[in-house]
Amino acid sequence: MSAPVHHTFARFFSRNIVHGKLIPEIDGLRFLAILLVFLHHVHSFFEFSSTAVFTDTEQYEGLRRWLIESRKGVELFFVISGFILALPFARAYLSGTKSPSLGRYFKRRLTRLEPPYIAALLMMLVMFMILTEMDFPFAFRSFLTSVFYSHNIVYEKPSFLLSVAWSLELEVHFYLIAPLLFLLLKLPETSRRIALTAMIILLPWVQASYQTPVYYLFHYVQYFLAGILLADLYLKRPAVNSESWVVTVAGGLLFAGVIGFPHVRTHFIAEQEEVYYAMAFPVLILVFYYVVLTNPFWKAVFSIRWVSLIGGMCYSIYLLHQPILTAVMKVLLRYQFSESYAVEMLIKTLLCVPPVLIGSAVFFLLIEKPCMDPAWPSKLWRRLRGRKAQ
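The following paragraphs examine the structure supplied in this document.

Rules used throughout
Residues numbered from 1 in each chain as written. Predicted model: local features only at pLDDT ≥ 70, side-chain atom pairs only at ≥ 80, totals over all residues. Heavy atoms only, no water. Helix = DSSP H or I, 4+ residues; strand = E, 2+ residues; numbered from the N terminus. Rg over C-alpha atoms; globule rule 2.2 N^0.38 Å. Buried < 20%, exposed > 50% of the residue type's maximum accessible area, 1.4 Å probe, protein only. Contact = heavy atoms within 4.5 Å. Areas by Shrake-Rupley, 256 points an atom, 1.4 Å probe, with all protein chains shown as cover. Phe/Tyr/Trp six-rings, centres within 6.5 Å; stacked < 30°, edge-to-face > 60°. Salt bridge = Lys/Arg side-chain N within 4 Å of Asp/Glu carboxyl O. Axes fitted to C-alpha atoms, helices over the stretch in contact; angles between N-to-C directions. Parallel < 35°, antiparallel > 145°, perpendicular 65-115°, else oblique. Left-handed = near helix turned anticlockwise from the far one by under 90°. Patch = residues over 30% accessible without salt bridge, like charges linked within 9 Å, V, L, I, M, F, W, Y side chains within 5 Å. Nonpolar A, V, L, I, M, F, W, Y, C, P; charged D, E, K, R; others polar.

1. Focus: the overall build of the chain
Working step 1: Within the chain, the secondary structure is distributed over 17 helices and 0 strands.
Working step 2: What you see for the chain is a C-alpha radius of gyration of 22 Å, in line with the 21 Å of a compact globule of 390 residues.
Working step 3: Taken along its principal axes, the extent of the C-alpha atoms in the chain is 70 × 60 × 55 Å.
Working step 4: Looking at the 390 residues of the chain, the share that counts as buried comes to 50%.
Working step 5: Look at the contacts in the chain between residues 6 or more apart in sequence, and 79% of them connect residues 24 or more apart.
Working step 6: Carbon and sulfur atoms form 67% of the exposed surface of the chain, whose accessible area is close to 19200 Å².

2. Concerning the packing of aromatic side chains
Working step 1: Taken as a whole and assessed by the stated rule, the structure comprises 38 aromatic pairs.
Working step 2: On the numbers, 5.4 Å between centres and 70° between planes, the contact of Tyr-155 with Phe-160 is edge-to-face.
Working step 3: Residue classification places Tyr-155 among the partly exposed positions, given a relative accessible area of 23%.
Working step 4: On the basis of relative accessible area, Phe-160 is assigned to the partly exposed category, the value being 27%.
Working step 5: For the ring pair Phe-261 and Phe-281, a centre distance of 5.7 Å and an interplane angle of 0° mean the geometry is stacked. Here Phe-281 lies in helix H12 (residues 272–294) and Phe-261 lies in the loop between helix H11 (245–260) and H12, a separation of 20 residues in the sequence.
Working step 6: Among the residues examined, Phe-261 registers a relative accessible area of 18% and is labelled buried.
Working step 7: Linked through ring pairs, Phe-78, Phe-89, Tyr-93, Tyr-105, Phe-106, Trp-166, Phe-174, Tyr-175, Phe-182, Tyr-215, Tyr-220 and Phe-224 together constitute an aromatic cluster.

3. Here we look at the pattern of salt bridges
Working step 1: Evaluation of the coordinates by the stated rule reveals 10 salt bridges.
Working step 2: The partner of Glu-368 in a salt bridge is Arg-112, and the shortest N-O contact between them spans 2.8 Å. Taken as a pair, Glu-368 in helix H16 (residues 341–368) and Arg-112 in helix H5 (residues 102–131) lie far apart in primary sequence, 256 residues in all.
Working step 3: Relative accessible area serves as the criterion here: at 0%, Glu-368 is assigned to the buried category.
Working step 4: Where salt bridges share partners, they join Glu-189, Arg-192, Arg-193 and Asp-232 into one cluster.

4. Side note on the packing of helix H15 (residues 314–332) against H16
Working step 1: Running from amino to carboxyl end, H15 crosses H16 at an angle of 140°, the nearest separation of the two axes being 8 Å. In terms of their interaxial angle, H15 and H16 are classed as oblique. Crossing hand, H15 versus H16: right-handed. In this structure, H15 contributes Tyr-315, Ser-316, Ile-317, Leu-319, Leu-320, His-321, Ile-324, Leu-325, Val-328, Met-329 and Leu-332 to the contact, and H16 contributes Lys-348, Leu-351, Cys-352, Pro-355, Val-356, Leu-357, Gly-359, Ser-360, Phe-363, Phe-364 and Glu-368.

5. Remarks on a nonpolar patch on the surface
Working step 1: Together, Leu-202, Trp-205, Val-206, Tyr-210, Phe-218 and Tyr-276 make up an exposed nonpolar region whose accessible area comes to about 620 Å².
Working step 2: Residue contributions to the nonpolar patch peak at 3 residues, all from helix H9 (residues 189–207).
Working step 3: Relative to the helices and strands, Trp-205 resides in helix H9.
Working step 4: Given the relative accessible area of 37%, Trp-205 is considered partly exposed.

6. Here's the deal with unusual backbone geometry
Working step 1: In the Ramachandran plot, Tyr-149 falls in the positive-phi region, its phi being about 55° despite a non-glycine side chain.
Working step 2: A relative accessible area of 9% means that Tyr-149 is categorised as buried.
Working step 3: Positive phi outside glycine occurs at Glu-156, with the angle close to 55°.
Working step 4: With respect to the helices, strands and loops of the structure, Glu-156 is situated in the loop between helix H7 (151–155) and helix H8 (165–182).

7. Things to note about the packing of helix H2 (residues 24–49) against H12
Working step 1: Running from amino to carboxyl end, H2 crosses H12 at an angle of 140°, the nearest separation of the two axes being 10 Å. With respect to their mutual orientation, H2 and H12 come out oblique. Here the hand of the crossing between H2 and H12 comes out right-handed. Of the residues in H12, those touching H2 at Glu-25, Ile-26, Leu-29 and Leu-32 are Phe-288, Tyr-289, Val-292 and Leu-293.
Working step 2: Here the contact of H2 with H12 is composed, by residue class, of 7 nonpolar, no polar and 1 charged.

Take a look at the structure:
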């Protein structure tokens, strides 16, 4: 008997996991992160490019502020990255088994993440040359510095071609130093947890003294460290009954805290009180993620199939959602569907979802998913050699 259509569909769009085991709730957390980033960018187009006039804007000032601060989804991604990358090293160090190969680690980062990134940059380079007046030498310089993850450093601005690339630069800079940070996991349990917690909490005090106009890893490394500590706690769990109803209820409060907590751009702390927010937020994310990974109720919520599937495509969505939104909003902003700020925002958000999902899903299937196979470079090389021999 053939599998139901929805199972076939799910397998078609599922990520390929070669080493390790799929943790569906992590993809669910990726969904939360990309949803927040998506809402932030929809609102940015809606607010700063729209000429619509509303009668109730002041009534929804809280909603407006929350949408602006939804850019915090990027920090949620940083914690997930720290966790996923640290997990195999933590398993080895905590069990005393052979450490993962650093050569394989760096090769995997290169073959898995670089092709979709370069493909997105090339698409944007072509689009900018066709649709804007940006001269080619300037656009190509932006392309090259973005390819080598140095745009923030060279221009002190996010990529002119793909603005979301600022965070990918930070991710790659973390990948380079991560194996050194993972050595903290070799310390005795109490020592490593105290050391990681202290760095996570105290780094914002240091960062506040070295503010910059652009994003650098130095100002966001505590989020990756929170992911490393999460990997430790996930494998060597504290003596806490995570299945109790108290933890389930606490998970709801933590969830509300994560999505409602004030967002601080830690590369540019403007007020003293923001230091305290910057200290608390990575800890809040860490504790919430731990509850999701260990509490049956929250694990089930973030393992919902369609939530996990969309979260599994988050890299493609992250790369493409802003260019797609630019095209879609150029059309939508010609029309006003309601005089209410909230209703208009809701309608435009819902209209943006299908094109972003469809475009990202196509990119995922054609480019990102094939790159999830670690052997794809050798397979491609054999195929090309076979064609030459014919």
